[in-house]
Amino acid sequence: MNIHYNISMPAPHTHYFEVSITISKTKRPFVDFKMAAWTPGSYLLREYAQHVESYHAKANKRDLKVVKTAKNTWRVMSDNAPKFSFHYRVYAFEMTVRNNFLDANHGYINPAALCMFVGGQQANPVTLTIEPYHTWKKVTVPLPGSKEPYTYEAPNFDVLVDSPIEIGNHQEFGFKAAGISHKVAWYGLADYDQEQIKKDFKAIAEACTDIFGDHPCKNYLTKDYTFIVHILDKKFGGLEHLNSTSLHFPRELYHTKKGYARFLNLTAHEYFHLWNVKRIRPIELGPFDYEQENYTRSLWVAEGFTVYYESIILCKAGLVKNNKLRKSTADRITLVENLPGNKVQSVTDSSWDAWIKAYRPNENSPNTTISYYSKGALVTLMLDLFIIHHTKATQSLDDVMRHLYEEIYKKEQRGFSESEIKKVLELVAGKDLTTLFEKYIYGTESINYAQYLNYAGMELHSEVKETPYLGVSTVKNGKTLKITAIRKDSPAYHQGLNVHDEILSIDDAKVKDVAKLIENYEVGNELKVKIRRDGNIKKFLIKLGSNPHVTYKIKMQKSRTAAQKKAYKKWLRK
Ligand SMILES: [Zn+2]
């Protein structure tokens, strides 16, 4: 069966891509076309079929009957025609890395959200032609091109899905790093230092490659790597692909020192995914079932390891100083340890329930869930320091990554199982990790950070400020002040306030900012809180508690043993 996609955009300002899929060299009574429900790397059913309209099919000018047989399935009654085309339009106006976007300025395609697959034929090679809008001259696609203009080849549907596309008049530039050609498609910000980007991206690419000792693009399809970068108002996100990434970063932050540092963090994160996730992957994630949830308990490895490595890579690349690594670690401990959900949900449960929880947060999420990204990164910190300590700083988590890459991905061409990740960690550490896994990975016990940091001569400092505490978050909308979240076990939680309550007054005075007002009180003071709930006025007398927030800092110990110094150096990958 030959499968060819044609994507055009004759009126980009209306935000519609026109897609034709031509099927030939087969004769079938019917063919099912299916739109993916989700995109790899982002674990939520997004129901891309919702954006499809105006579908029809033709065989040699003859209309074919098309019947929808499921939410995402169109059955074309092809009636044994040797060649026919199925046409549909897709509304594309969501500027995220997970979806499609088209306007008068440019187009971005995440193929999972645009290109339907032919039922049962995902392994079939496909070709793709892009017809850019007539004034657009550039098409960036991380796929090998064919002789026809703007035409590309993918060995199967999975690879097509993993090839994001930028179309327009964006800037393109390149550089070499780790022996690999890198292309950058840059859109949205004219005022930037291209040489700086090349230099910093190169340092990141080389630091990552050094960890694994091998660059996957060396022998893969185009033999190069592509960055699609969008610098746009208030946009943040990244999505990893087999030989490329899409990065969204907010324009308002790009030119600040902190903002640019975050941009490099995002870049390091997505680049590390080239190995961890796109090659070293939980066995459940591939081949993908695009029509339903693909459950795994190992997203804490896929994302937690990757978040952990962001700072390690930047440190190794010389883009941040050693103390930044300590600071980002301490900030992450502060973030996670102050969330009540950290005591409720384990990182393995968080991974499994990503489909219904992580991507669908509500006002109670901080009380009941923990992110497999941030908590996953802290578990990774513990594992890395454990390995460094127990191997006398001869090994680190890098050796685990290399083992997973060489022995499981390259030799066996498959993902790792849930039990295998533990086995490989144990192999490298030379220690049994059963208790550690039960307590901190499958369980929610507090990690003894001080013990692990001590291995590398660092000490953990914590600070609690005795300040009055109510435990509500609010939002002001015009003249109304509403409660948007209530922290578990706070005075507000135990004494009857609810999310959605409108705060009318506190101690008979109108309130603009609850947090500011409370600063004028003391722990143990009582507040008269008047609220409106479902149209009824209610009064509460609420006794303020003491803010349980703990701030953590990591400092170097004053005197360190030779073993601690060696471990610290290993941790920094110096
Ligand atoms: Zn990620």
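Everything discussed here concerns the structure shown above.
Quick summary incoming for the structure in this document. Keep in mind the model is a prediction, meaning the values are calculated, not measured.

Taken together, five strands build an open sheet; the order of strands is β15-β16-β17-β19-β18 and the sheet is mixed. The open sheet is flanked by β15 (171-177) and β18 (237-240), the only strands paired with a single partner. Shown here is a sheet whose adjacent strand axes are inclined to one another by a mean of 15 degrees, direction ignored. The pairing of β15 with strand β16 (residues 180-187) spans seven bridges and is antiparallel. Residue pairing across strands places E172 opposite A185, the latter belonging to β16. On top of the sheet, helix α2 (residues 194-212) reaches β15, β16 and β17 (224-232); it is set at about 40 degrees to β15, its chief contact.

Bound to the zinc ion are the protein donor atoms H269 (NE2), H273 (NE2), E303 (OE) and E303 (OE), situated 2.0 to 2.8 Å from the metal. Around the zinc ion, the four donor atoms are arranged such that angles at the metal cover 52 to 148 degrees; this shape is classified as irregular. In terms of primary sequence, the donors binding the zinc ion are separated according to H-x3-H-x29-E. Separated by 30 residues along the polypeptide, H273 in the loop between α4 (257-272) and α5 (299-316) and E303 in helix α5 bring together distant segments of the chain. Owing to a relative accessible area of 0%, H273 belongs among the buried residues under this scheme. Overall, the relative accessible area of 1% leaves E303 in the buried class.

A contiguous nonpolar patch, built from F30, V67 and M77 and spanning about 200 Å² of accessible area, is present on the exposed surface. With respect to the helices and strands, V67 occurs in strand β5 (residues 62-70). Judged by its relative accessible area of 32%, V67 falls in the partly exposed class.

Next up on the list: the pairing of strand β25 (residues 526-533). Only one face of β25 is covered, namely the face carrying L527, V529, I531 and R533; the face carrying E526, K528, K530 and R532 is uncovered. When strand β24 (residues 502-506) meets β25, the two strands line up antiparallel, connected through four bridges. When the bridges of β25 are listed, I506 appears paired with V529. Of the pairings in the sheet, the one linking β25 to strand β26 (residues 536-543) comprises eight bridges and is antiparallel in character. Pairing of K530 across the sheet is with K539, part of β26.

Let us now look at the pattern of salt bridges. Taken as a whole and judged by the stated rule, the model has 29 salt bridges. Note that E291 and K34 form a salt bridge whose closest N and O atoms lie 3.1 Å from each other. Pair noted here: E291 is in the loop between α4 and α5 and K34 is in strand β3 (residues 31-34), with a separation of 257 residues, a long-range link. Residues joined by salt bridges that share partners form a network here, namely D214, K218, E406 and K410.

Definitions and limits used
Residues numbered from 1 in each chain as written. Predicted model: local features only at pLDDT ≥ 70, side-chain atom pairs only at ≥ 80, totals over all residues. Heavy atoms only, no water. Pairing = 2+ DSSP bridges. Helix = DSSP H or I, 4+ residues; strand = E, 2+ residues; numbered from the N terminus. Axes fitted to C-alpha atoms, helices over the stretch in contact; angles between N-to-C directions. Contact = heavy atoms within 4.5 Å. Donors = N, O, S within 2.8 Å, 3.2 Å for Na, K, Ca; no water. Tetrahedral: all angles 85-135°; square planar, octahedral: opposite > 155°, others 65-115°. Buried < 20%, exposed > 50% of the residue type's maximum accessible area, 1.4 Å probe, protein only. Patch = residues over 30% accessible without salt bridge, like charges linked within 9 Å, V, L, I, M, F, W, Y side chains within 5 Å. Areas by Shrake-Rupley, 256 points an atom, 1.4 Å probe, with all protein chains shown as cover. Salt bridge = Lys/Arg side-chain N within 4 Å of Asp/Glu carboxyl O.

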